[in-house]
Amino acid sequence: MSTLPRRALTAGTAALLAGAVLAGCGSSAKTVKQGSLGQELKGATFTVGSKDFSESIILGQITMDLLRAHGATVNDKTNIKGSTNTRTALTSSNIDMYWEYTGTGWVTYLKHTKPIADPQAQYDAVAKEDLSANKVVWGKPAPLNNTYAFAIRKDKATELGVTKLSDLANLIQTKPKEATFCIESEFSTRDDGWPGMTKAYGMNVPKSNVKSLDTGVIYSETKKGQTCNFGEVFATDGRIASMGLTVLQDDKHFFPVYNASLTLRQDTTTKYPQIQQYLEPVAAKLTDDVMQQLNAKVDADGLEPSKVAHDWLLQQGFVK
C-alpha cells in the first residue's frame, strides 16, 4: 500500500475514480471486545471509511477499535479509492467519518489556491469554512504533518552538518558536489514544489545536480546516496524510518500543512459528541515520528493495518 499524501486531484483523475466511492475493502476482523471500555455508544452503528493508502487505513482502524471499545457496532469501509471518492462517501452519508488532511480540505474541497502557513490557523480556517459550507466537522488535528519534505541518510546529514532546508543554500556554495537532489516530475514544476522551494530558500541548484525519478525510486536512491543525497519525500512515509533517513526541517514553513483530523458530518457529531472526546487524546499522540513507525510496520514489515492500529492503542493504554 502506498503512503503518499493526498494532493489535489486533477479533474481527469477524479473522473476515473468516480465509480469507486464505496470500493473499500478493509479488514472485518474485530480487534477489541465490544464495550470493553464502556457502553456509552451501545446501540449506535457507525461506518468508518478511509482512503486507499496505509496511513489513512491505519487511522481508520484506530477509530474503529475505539468506537467498538465504547460499545458501538462498526462497519469497515476503509480503503476507498481516492480522496474525492472518500469525501463524497462522507457527504453523501455512505460513511460516517474518516481522517482527512487540513491542506487537502483547504485546497481540494474548499478550492483555495493559497495554503495558510501556520498549522493552527490553517486548521481553524478549514474547520470553520467546511462546517459553514458543507456541515462537515473537523476534530482536533494530530501533530503529524504528511506534507512534502526532503530527506537524507542520517549519517550523511551529520557529516554535512545539515538539519534544515535553510542549510542547503550554504551547502550548494561550499560543497556543490554534495548538493544533489532526487525529485518527482510533478514536484519539479509545482509552485508549492521545487521552483517555489528553491526561491523561498535562496537555492541556486545546477540542473545537473537534480534528477527526476519515480516516487518509490527516490527513497531507495536517497538511501544509496549515489544518485542523490537529498530526496523529495512525504513526511510521514514509513520508508523514512525503515531506510534510516532523516527529514530536514522546513524552517521557513514553505510547504503546505497536511495535519490529519477526523472528519464527521455535523449530524453525527451532534448526536454523538463523545466520539471526538474519545479521539482527541489519540490524535494528540500521533506525531510525524509515530506515524512513520506505524506506516513502516505495514509497508516495510507487511503487518495488517488493523493489527498495527490495535497494538499501538494497547501500547498507549487507549484500549484494553
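All figures in this text were calculated on a predicted structure; none of them were measured in a lab.

> When you look at the pairing of strand β1 (residues 45-49) in this model, what are you seeing that I'm missing?
Every regular strand shows the same layout, with side chains that alternate between the two sheet faces. Where burial is concerned, most of β1 is hidden: 4 out of the 5 residues are buried. Bridge analysis of β1 against strand β2 (residues 73-77) gives 5 bridges, and the strand direction is parallel. Paired with Thr45 across the strands is Thr73, a residue of β2. Handedness of the β-α-β unit built from β1, helix α2 (residues 54-69) and β2 comes out right-handed.

> How do you make sense of helix α9 (residues 215-224) when you look at a structure like this?
Because each turn of an α-helix spans 3.6 residues, side chains separated by three or four positions in sequence point in the same direction. All buried positions along α9 are accounted for by Thr215, Ile218, Tyr219, Glu221 and Thr222. Positioned one or two residues after α9, Gly225 has a phi angle of 75 degrees, which is positive.

> Looking at this model, I keep getting lost on empty space enclosed by the protein. Mind explaining?
A probe matching the size of a water molecule, rolled over the atoms, marks out where space remains unfilled. With the rule as written, the count across this model stands at 1 cavity of 30 Å³ or more. By volume, the largest cavity amounts to about 60 Å³. Forming the boundary of the largest cavity are Trp99, Gly139, Lys140, Leu262, Leu264, Gln276, Leu279, Glu280 and Ala283. Those elements giving two or more residues to the lining of the largest cavity turn out to be β10 (260-265) and α12 (274-285). The element best represented in the lining of the largest cavity is α12, accounting for 4 residues. Considered class by class, the residues forming the lining of the largest cavity number 5 nonpolar, 2 polar and 2 charged.

> I tried to follow the state of the cysteines on my own but got confused; where do I start?
What is meant by a disulfide is a covalent connection between two cysteines, made through their sulfur atoms. In total, this model carries 1 disulfide according to the counting rule given. In this model Cys182 forms its disulfide with Cys228; the gap between the sulfur atoms is 2.1 Å. Here the disulfide of Cys182 and Cys228 is left-handed, its torsion about the S-S bond being about -110 degrees. One end of the pair, Cys182, is in strand β6 (residues 181-183); the other, Cys228, is in the loop between α9 and β8 (230-234), with 46 residues separating them in the sequence.

Thresholds applied
- Residues numbered from 1 in each chain as written.
- Predicted model: local features only at pLDDT ≥ 70, side-chain atom pairs only at ≥ 80, totals over all residues.
- Heavy atoms only, no water.
- Buried < 20%, exposed > 50% of the residue type's maximum accessible area, 1.4 Å probe, protein only.
- Helix = DSSP H or I, 4+ residues; strand = E, 2+ residues; numbered from the N terminus.
- Pairing = 2+ DSSP bridges.
- Right-handed = clockwise from strand over helix to strand, strands pointing away.
- 1 Å grid on protein atoms, 1.4 Å probe; cavity = no way out; pocket = protein on both sides within 12 Å on 5 of 7 lines; lining within 4 Å.
- Points joined across faces, edges and corners; volume = space filled by probe spheres on them.
- Nonpolar A, V, L, I, M, F, W, Y, C, P; charged D, E, K, R; others polar.
- Disulfide = S-S within 2.5 Å.

Interpretation in functional terms is not warranted from these geometric data alone.
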